[in-house]
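# What the coordinates show
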Number of protein chains: 4
Amino acid sequence: MEHNQHGTLQPTGNSSKCGPEQIQRLLAACREAKEFAYCPYSKYPVGAALLTTDGKIFSGCNVENACYPLGACAEQTAIQKAVSEGHTKFQAIAIACNSKEYYAVPCGACRQVLREFGRHWDIYLAKEDGTYIQKTLEDLLPQSFGPEHLNII
Amino acid sequence: MEHNQHGTLQPTGNSSKCGPEQIQRLLAACREAKEFAYCPYSKYPVGAALLTTDGKIFSGCNVENACYPLGACAEQTAIQKAVSEGHTKFQAIAIACNSKEYYAVPCGACRQVLREFGRHWDIYLAKEDGTYIQKTLEDLLPQSFGPEHLNII
Amino acid sequence: MEHNQHGTLQPTGNSSKCGPEQIQRLLAACREAKEFAYCPYSKYPVGAALLTTDGKIFSGCNVENACYPLGACAEQTAIQKAVSEGHTKFQAIAIACNSKEYYAVPCGACRQVLREFGRHWDIYLAKEDGTYIQKTLEDLLPQSFGPEHLNII
Amino acid sequence: MEHNQHGTLQPTGNSSKCGPEQIQRLLAACREAKEFAYCPYSKYPVGAALLTTDGKIFSGCNVENACYPLGACAEQTAIQKAVSEGHTKFQAIAIACNSKEYYAVPCGACRQVLREFGRHWDIYLAKEDGTYIQKTLEDLLPQSFGPEHLNII
Ligand SMILES: [Zn+2]
Ligand SMILES: [Zn+2]
Ligand SMILES: [Zn+2]
Ligand SMILES: [Zn+2]
């Protein structure tokens, strides 16, 4: 991971466990999911697509609410979808937004939701033009809180 | 809607727009979805299944998090799933839990999430043995806040 | 509780346990709290003020977030404040918004947060001009989910 | 910031803008706030205390809910309290839990809530015995999403 002194995200070398074809499938899936975003309040559509360890893709979009705190992020939608169909082992997630300026980055809550299902995620962050950078969950949520802190699972 | 003086839910006559076969499909779908609940913290599995106005069923389960506020309810999972696949018009939802004593009832947040997508929902609430009662969203969230309060859509 | 066929809130007779002076103090407190709302996204300021059973008032406002789901409602702020100063027994809450058209109504999530701390709340809902109506939590969240469903407290 | 290869938090040198006396006041305040935690579900009390740029301290605890996603973290309670009393400029937060093994770390959602109010936070993370380590928000939420991504404030 590299980032310059202003905290701007910089592309890093690809050390992914995903092959280039899988990455492209993920990026396409999150771009498509973005089209279904229900975001009349923020007008900020986001799409996410995750890859299970056995190669399945689940995607999601943000689903907002007039009571703003009751909305849901795209990444969480993708996770909930996968879990509700019996998948809890993941290897990667890709996220797309419409920004020409910024790579899509998950909010802190979404980083924590990913963390629930493991420390080892590859994360692909895309701009509107489809260019992307690769991070890991450890890059984005260092020194994380997790299930082991509760000592119950 | 009838309820006795202690607020216990009582079965009401079926005035549903759903036919008996659709209701049984919904009840079966939410019972199946419950099996995928990720709830190591509450150990309280919940399943939900909703019916779109064009007859499709989407189901979901609760997906919890070691940081409890970051969990998601079954009803929200079902909604997010449907929306992320292009469906935003719904007519009914069924909810199942493992309680032998109580019918599954949606929390206030889930009632509000349903409300985002319309006032007219039939809601089927099931016990573990499969018996159920029927309510409407208006029964469960009267005098609701909604998108029109913000005057933006 | 009365409401007409369109679900519009109608004033009801005051059967409150609060005296008129306490109600006015609550209404003033929630109006003042509204001034501190941090709501650059919704531009919809809300204030809430609650009354403990021993006569103390705690107030709060909404506190939003660029990641919309991470915002907090005014009612929740008031509750968290009171709890964090050792108060968990409440009798009433008043809520104010800037609408000239609608009485402030709590979202479903806030109704559930009130419910955590008891079934018996008087709720005063104010418009921008200070006129208000009185409801109870039972009016606004009938057949509610609550702690007893989990059988753990 | 230093952390070993397993991601365990390691004490780092104090480069804080807070003086030692202020740090001790913050640590005491979050320890005291922890006593008011309402956490019958997780049984995991947390306290937080933040310092405004003009030297005021606001503290909070976690406030849980039978519907787990409707709970609130201690850090958020402290922020909401400060904002609702007119303070939005902060310099530091301290967090305490009852763990003998782990330093208290904020969840991802709380990191995002801090981020809403600026990038430059000193964060003090305490164990049950009062020992602590110092981090910054940049350490804990690198490459963060924030208000500027929405281009609206
Ligand atoms: Zn998010
Ligand atoms: Zn719910
Ligand atoms: Zn609310
Ligand atoms: Zn937190």
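All residue numbers here refer to positions counted from 1 along the written sequence of the relevant chain. In the order they appear in the text, chains get letters beginning with A and ligands get numbers beginning with 1. In view of the model being predicted, local features appear only for residues whose pLDDT reaches at least 70, and side-chain atom pairs are presented and counted only at 80 or more, with totals across whole chains, interfaces and linings using the full set of residues. To get the side-chain values, take all heavy atoms of the structure and skip hydrogens and water.

The next point concerns the overall build of chain A. What counts as a helix is a DSSP run of H or I of at least four residues, what counts as a strand is a run of E of at least two, and both are numbered from the N terminus. From N to C terminus, chain A includes five helices and five strands. Each helix and strand of chain A, ordered N terminal to C terminal, gives the series α-β-β-α-β-α-β-β-α-α. Counting every position in chain A, which comprises 153 residues, the buried fraction comes to 64%. Residue contacts follow a heavy-atom distance rule, with two residues in contact if any of their heavy atoms lie within 4.5 Å. The contacts in chain A between residues at least 6 apart in sequence include a share of 62% that link residues at least 24 apart. All accessible areas in this document rest on Shrake-Rupley with a 1.4 Å probe, and a residue is counted as covered only by the protein chains that are shown. Just so you have it, chain A exposes about 5800 Å², and 49% of that area is on carbon and sulfur atoms. Whether a residue is buried, partly exposed or exposed follows from its accessible area with a 1.4 Å probe, protein chains only, as a fraction of its type maximum: under 20%, in between, or over 50%, in that order.

This next bit is on the coordination of the zinc ion (ligand 2). Residues and elements named next belong to chain B. For Na, K and Ca the donor cutoff is 3.2 Å, while for all other metals N, O and S atoms must lie within 2.8 Å; water is not among the atoms, so some sites may look incomplete. Taken together, the protein donors to the zinc ion (ligand 2) comprise Cys73 (SG), Cys107 (SG) and Cys110 (SG), at separations of 2.3 Å. Sequence spacing among the residues donating to the zinc ion (ligand 2) works out to C-x33-C-x2-C. Take Cys110: its relative accessible area is 1%, and that puts it in the buried class.

The next point concerns the UniProt feature "binding site: substrate" (unreviewed entry) in chain A. Per the UniProt entry, the sites bearing "binding site: substrate" (unreviewed entry) are Asn62, Val63, Glu64, Asn65, Ala66, Cys67 and Tyr68 of chain A in this numbering. Lining residues of the largest cavity drawn from the annotated set just named are Cys67 of chain A. With respect to the secondary-structure elements, Asn62 of chain A resides in the loop between strand S2 (57-61) and helix H2 (74-83). Look past the residues within four positions of Asn62 of chain A in its chain and what remains in contact with it is Ala37, Tyr38, Cys39, Ser42, Tyr44, Pro45, Val46, Ala72, Cys73 and Ala74 of chain A. For Asn65 of chain A, the location among the structural elements is in the loop between S2 and H2. Asn65 of chain A has contacts with Tyr41, Leu70 and Gly71 of chain A together with Gln112, Val113 and Glu116 of chain B, leaving out every residue within four places of it along the chain. Here a polar contact is recorded for every N or O atom pair within 3.5 Å, except that within protein the pair must consist of a potential hydrogen donor and a potential acceptor, and residues adjacent in sequence are included only if both atoms are side-chain atoms. From its side chain, Asn65 of chain A meets the backbone nitrogen of Cys67 of chain A in a polar contact 2.9 Å long. UniProt positions are given in the numbering used here, feature names are shortened, and annotations may be inferred rather than shown by experiment. Put plainly, a pocket is an open set of points on a 1 Å grid over the protein atoms alone with protein on both sides within 12 Å along at least five of seven lines, a cavity is a set where a 1.4 Å probe fits but cannot get out, and a lining residue has an atom within 4 Å of a point.

All names here are of chain D. Protein ligation of the zinc ion (ligand 4) involves Cys73 (SG), Cys107 (SG) and Cys110 (SG), the donor distances falling in the range 2.3 Å. For the zinc ion (ligand 4), all donor residues lie on one chain, and their spacing in sequence is C-x33-C-x2-C. With Cys73 in the loop between strand S2 (57-61) and helix H2 (74-83) and Cys110 in helix H3 (residues 108-116), this residue pair connects regions lying 37 residues apart in the sequence.

On to empty space enclosed by the protein, then. Grid points are joined across faces, edges and corners, and a volume is the space filled by probe spheres set on the points. For the structure shown, the criterion picks out 11 cavities of 30 Å³ or more. Lining the largest cavity are 35 residues, with Pro69 of chain A, Pro69 of chain B, Pro69 and Leu70 of chain C together with Pro69 of chain D sitting closest to its centre. Those elements that place two or more of their residues in the lining of the largest cavity are H2 of chain A, helix H2 (74-83) of chain B, helix H2 (74-83) of chain C together with H2 of chain D.

Residues and elements named next belong to chain B. Of all eight residues making up strand S3 (residues 90-97), eight are buried, and the element is well covered by its neighbours. The criterion for strand pairing is that DSSP finds at least two bridges linking the strands in question. Taken together, the seven bridges between strand S1 (residues 46-52) and S3 define a ladder with antiparallel strand orientation. Directly across from Ala48, in S3, lies its bridge partner Ile95. Sheet topology places S3 next to strand S4 (residues 122-126); five bridges connect them, and they run parallel. Note that in S4 the partner of Ala92 across the bridge is Asp122.

Here we come to the packing of aromatic side chains. For Phe, Tyr and Trp, where Trp contributes only its six-membered ring, two rings pair if their centres lie within 6.5 Å, and the inter-plane angle classes them as stacked under 30 degrees, edge-to-face over 60, or tilted in between. Enumeration according to the criterion identifies 26 aromatic pairs over all chains in this entry. Residues Tyr38 of chain C and Phe117 of chain D carry aromatic rings whose centres are separated by 4.8 Å and whose planes lie at 50° to one another, so their mutual orientation is tilted. Separated into two different chains, Tyr38 of chain C in the loop between helix H1 (20-34) and strand S1 (46-52) and Phe117 of chain D in the loop between H3 and strand S4 (122-126) make up a pair that spans both. As far as burial versus exposure is concerned, Tyr38 of chain C and Phe117 of chain D are alike and both buried. Geometrically, the ring pair formed by Phe90 of chain C and Phe117 of chain C is edge-to-face, given 5.9 Å between the ring centres and 85° between the ring planes.

In this section: H2 of chain C. Among the 10 residues of H2 of chain C, 10 are classified as buried, and the element is accordingly described as predominantly covered. If you check which residues of H2 of chain C are buried, you get Ala74, Glu75, Gln76, Thr77, Ala78, Ile79, Gln80, Lys81, Ala82 and Val83 of chain C. At its buried positions, H2 of chain C is contacted by S1, strand S2 (57-61), strand S3 (90-97) and helix H3 (108-116) of chain C together with S2 and H2 of chain D.

Residues and elements named next belong to chain A. Taking the UniProt record as the reference, the feature "active site" (unreviewed entry) is found at Glu75. One can find Glu75 in helix H2. Classification of Glu75 by relative accessible area gives buried; the value is 5%. Beyond its immediate stretch of four places on either side in the chain, Glu75 contacts Ala48, Ile93, Ile95, Pro106, Cys107 and Cys110.

This brings us to the relation of the copies chain D and chain C. For the least-squares superposition of copies, only C-alpha atoms count, and only for residues with pLDDT at least 70 in both. Rotating chain D by 180° about the axis while translating it 0.0 Å along that axis superimposes it on chain C, leaving an RMSD of 0.0 Å. Those values place the two copies in the arrangement expected of a two-fold rotation axis. Nearest to the rotation axis, the C-alpha of Lys81 of chain D is located 3.1 Å from it, this being the minimum over chain D. Mapped onto chain C, 100% of the interface residues of chain D again fall at the interface, so both copies present the same surface.

Further remarks concern the relation of the copies chain A and chain B. The two chain copies are connected by a rotation around an axis plus a translation along it. Superposing chain A onto chain B takes a rotation of 180° combined with a translation of 0.0 Å along the rotation axis, leaving an RMSD of 0.0 Å. Both copies contact each other with a shared surface, as 100% of the interface residues of chain A are interface residues in chain B too.

Moving on, we get to the interface of chain D and chain C. Counting residues at the interface gives 35 residues for chain D, matched by 35 residues for chain C. Around 2800 Å² of area is buried between chain D and chain C when both sides are counted, 67% of it from carbon and sulfur atoms. Salt bridge criterion: a side-chain nitrogen from Lys or Arg within 4 Å of a carboxyl oxygen from Asp or Glu. For the interface between chain D and chain C, the tally reads two salt bridges. Joining chain D to chain C, the criterion identifies 15 residue pairs in polar contact (both at pLDDT 80 or more). When contributions to the side of chain D that touches chain C are tallied by element, the ones reaching two or more residues are S2, H2 and H3 of chain D. The biggest single contributor to the side of chain D that touches chain C is H2 of chain D, with six residues. Reported buried area values correspond to the accessible surface (1.4 Å probe) lost by two parts on association, with both partners' losses combined.

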